[in-house]
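# Survey of secondary and tertiary structure
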Amino acid sequence: MTTEASRVGLHDHERFLRAYPPFSALDARTLEALVRDLEVLYRPSGAAFDVSGGLFIVRRGELSLNGEEYSEGETVGGGVRTGQARALVDTWLYVMPPEKAAQWLSNPTIQHFLTSALSSRLNQPGQSLDLSSVPVGDVMRPAELAMPDMTVQQAAAKMREHRISSLMVKLEGGVFGIITDKDLRNRVLAEGLPPSTLVSQVMTVPARTLPDEQPALSALNFMFRHNIRHLPIVRGGELVGILGTADLLRLQTQGVGYVVQDLLDAEGVDELMAYARKLPEYTANLYRAGQRAEHLSRLASYAYDALYRRTLQLVEAELGPAPGPYAWVLLGSIARREAGLNPDQDHHLVIADEVHRPYFQTFALRVEEILVQAGLDACQGGVMASRHTFTLEGYVAQMQEWQSIPDPQALLNVTIFFDPRVVAGELDVRAGRDARLSAGQNPSFMAHLTRLAVSHRPPLGFRQRLRTDADHALDLKTQGLAFIIDLARLHALRVGEQSASTFVRLQAPGESLLHPDTRADLLGAYRYLLDLRMELQMAQLSSGQALSTRLPLDNLSGPQEVHLREIYKLIGRVQAVLAPQVGGL
Amino acid sequence: MTWRSAEFVALDFESTGMNPARDEVIQVGLVPLRGERAVLGGAWASWVRPTRPFQGASVAIHGLSAERLQDAPDVLEVRGSLAAHLNGRVMIAHYAELERGFLKRWGMKPPPTVDTLMLALALDGHLKGGQTTQTARRDAYTLTALARRFGVSVYGEHDALADALITAQVFLVIATELERKGRASTVKEFTRLSGYGGGWLGLFG
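In short, a report on the structure. Computed from a prediction, not measured in an experiment: that's the story for all the values here.

Rules of the game
Residues numbered from 1 in each chain as written. Chains lettered and ligands numbered in written order. Predicted model: local features only at pLDDT ≥ 70, side-chain atom pairs only at ≥ 80, totals over all residues. Heavy atoms only, no water. Contact = heavy atoms within 4.5 Å. Buried area = accessible area lost by both parts, 1.4 Å probe. Salt bridge = Lys/Arg side-chain N within 4 Å of Asp/Glu carboxyl O. Polar contact = N/O pair within 3.5 Å; in protein donor to acceptor, adjacent residues only side chain to side chain. Helix = DSSP H or I, 4+ residues; strand = E, 2+ residues; numbered from the N terminus. Nonpolar A, V, L, I, M, F, W, Y, C, P; charged D, E, K, R; others polar. Pairing = 2+ DSSP bridges. Core = buried A, V, L, I, M, F, W, Y, C linked by side-chain atoms within 4.5 Å. Buried < 20%, exposed > 50% of the residue type's maximum accessible area, 1.4 Å probe, protein only.

### Describing the interface of chain A and chain B
Taken together, the contact pairs 26 residues of chain A with 29 residues of chain B. Between chain A and chain B, the buried area comes to about 2300 Å², and carbon and sulfur atoms account for 55% of it. The three residues of chain A that bury the most area against chain B are Glu39(A), Val40(A) and Trp92(A), which together make up 25% of that side's buried surface. Inspection of the chain A/chain B interface yields three salt bridges. One salt bridge in this structure joins Arg34(B) and Glu39(A), with 3.1 Å as the shortest N-O distance. For the pair chain A and chain B, the number of links is nine residue pairs in polar contact (both at pLDDT 80 or more). Every element with two or more residues in the side of chain A that touches chain B is listed here: helix H1 (4-18), strand E1 (39-43), strand E3 (55-60) and strand E8 (91-96) of chain A. Considering each element in turn, the side of chain A that touches chain B owes the most residues, nine residues, to H1(A). Classifying every residue of the side of chain A that touches chain B gives 14 nonpolar, four polar and eight charged. In the sheet, E1(A) pairs with strand E3 (residues 37-39) of chain B via three bridges, with the strands oriented antiparallel. Along E3(B), the bridge assignment pairs Glu39(A) with Val39(B).

Have a look at this one:
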């Protein structure tokens, strides 16, 4: 019997449960009914009890079950986490007796929480479009055509009429040309050509095209790689539409898309830096708008790519054209497209010929200087192009040398070189990639790398409590994301996945020491940690603090602490499985 | 009968004062215990309509207005429900003299009683031959102090149901501890330690 007088007395129990998953997802009425099906039980330190029937929620204290520890707000039992539990300290529990639990276990929220893998529990479905799954055909716009014998004036008028910035030109043999507003400016006006100039004289031909079934993300990558902003979309040789970079970015956002364009168009270093300094705030705004950190980091990475590309162009303009082809290779979080609000500079340079080194030395130093001023701190480990410029042969030799290093600790500082992404340059670096990926077939190197990945333990201390340094904070980078990045790298090398992205790596098919379910869990954990880092840095940004990845434990809510402990337990389990396979620690 | 298989009910009265002969109960709260488990679904509470106006001071303590209480069920009605909840169960209260006094005032026969105050004193060795020793500090044995000591959340003070729930939890810790120390494990032993186990009650322990 529920009376107004008795609701007051049970309120505390509802309030407690509301702070923790899965109860946090229940509506008030359901939660009130659930509390009425609970019993309160005390178990003194050392007491053993069976948690096979019913549900058990720790109200206060700590218990151990099957070698794992559960504390305040954590739920065991439910036919999933069952066995003999033992109270590690004096512990208060809520118990839902089996006859009541049967009904609640059919509640989708509770059932999902208990039975689903960690990955899906940590990941509520996102609301935004995912560029990696949407085909370009769904987001392109109709293309407008120009005739090759049209004058540029007619073409400009047509662009104005349709409020577009490019026209396609259909040529013989299924080839297309393209003319853009930028061409009109750079190739006509700036060159002093008359309005009567024909389109065929100034258009770009042939235009690069992409089939319409490609995912939007591939289109975006393609456009960045080839430095183009208007991409004709074809189906079986027929032109079906056109896609602009800004269209793609605006699809998800109201911000980064514009800033990417602004960065690419920046007239000089000062303008470039001014735009670059807005990036953290732009990204933060998107997070406020409800995007997950995973998507934001990916979007923001296009802005960082644009920043790099434009910086390289501006420095080439300052120093004169490069004497030969090169590849500017990003490393670290921007390479993975998983940066927070304050990514470092991590990169190296591959050049075609040793004789070009003096030019590229000056080039790299100047690029780094501009980027520092744009807000990208120098890499603390000094992994930057000015100190790491390889010829392609030198790069291949270096990769082979690292793969023969007998000491895992010596590898610690070079693992970053195994997460590369070329951001600019024309040099063909496939030989380097092959040398890098061959590491996956080198058993002793892989064993070293595995030992390294398991030697760094998650910060769980006594009774699997979060263990912190003297400042009572955790570093979400070194004591969180890095664990999973290391494991993803192992898997990627083993199966020959060349992407630097932790997401792509963990989803790459193929056999490695990591079971697919484990990889799915790690992916969910990684996504959660990215969100946690984003929340931390948002708070730092709005309170004017320096951006860092150190999370004061006092800032963690109860449920966040539960999730974090669960993630660390997962990493601990994975490490415990891997360690014996490489001869222990 | 061992306490783990007994049926209890933890009871708390909020009243206008400490004198059952003169003061009035304004709220009743209780929660049943099935052995070592407090059953939240059985929790019950009720306001009680006063039979005469009471002084301002208690209004302040309970945060209740006389008007609100005027709409509450009267003693007769509450007494009927309460009797059903107490029937066949051992009562747990903190300083049970008060609850027992009010029950008698309402013409109800107090059930066999376990007093968490007396059990706490016994647990700490402050009870000798039914008398409290001089060494016990009074403020260490309030319900709130014991709750804090045993890791029981304290909330909604001066709410009869919240206090009944806290009393139930305090009892669970003390009973576990007394049993672990070999001091008491049956209902009879608990009621005797509480000072209500003498006489004829002992025959039914």
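### A look at the nonpolar core
One recurring pattern in soluble globular proteins is that nonpolar side chains are buried together. Grouped together as the largest cluster of nonpolar side chains are 71 residues, with contacts concentrated most on Phe417(A) and Leu522(A). At eleven residues, the largest contribution of residues to this core is made by helix H23 (residues 516-542) of chain A. Counting 66 residues, the second-largest nonpolar core is a separate cluster that includes Trp92(A), Leu117(B), Met118(B) and Ala122(B).

### Some details on the pairing of strand E4 (residues 62-65) of chain A
Residues and elements named next belong to chain A. By the alternation rule, side chains of E4 split into Glu 62 and Ser 64 and Leu 63 and Leu 65, which are all buried. Of the strand pairs in this sheet, E4 and strand E5 (residues 68-71) are connected by four bridges, and their pairing is antiparallel. Each residue of the ladder has a partner; that of Leu 65, found in E5, is Glu 68. What sits between E4 and E5 in their antiparallel hairpin is a turn of two residues, with Asn 66 showing a positive phi close to 50°.

### Things to note about unusual backbone geometry
Most peptide bonds take the trans form, and the phi angle of most residues other than glycine is negative. In this structure, the amide linkage connecting Pro21(A) to the following residue, Pro22(A), adopts the cis form with an omega of 0°. Mapped onto the secondary structure, Pro22(A) falls in the loop between H1 and helix H2 (28-35). Cis geometry is found at the peptide bond from Val205(A) to Pro206(A), where omega equals -5°. Relative to the helices and strands, Pro206(A) is located in the loop between helix H8 (199-202) and strand E12 (210-211). The backbone of His472(A) shows a phi angle near 60°, a positive value even though the residue is not glycine. You can see His472(A) is positioned in the loop between helix H20 (443-455) and strand E19 (473-475). Judged by relative accessible area, His472(A) falls into the partly exposed class, the value being 39%. Residue Tyr95(B) is not a glycine yet carries a positive backbone phi of 55°. Tracing the sequence through the fold places Tyr95(B) in the loop between strand E5 (90-93) and helix H4 (96-105). Overall, the relative accessible area of 41% leaves Tyr95(B) in the partly exposed class.

Functional significance is not addressed by these values, which are geometric in nature.
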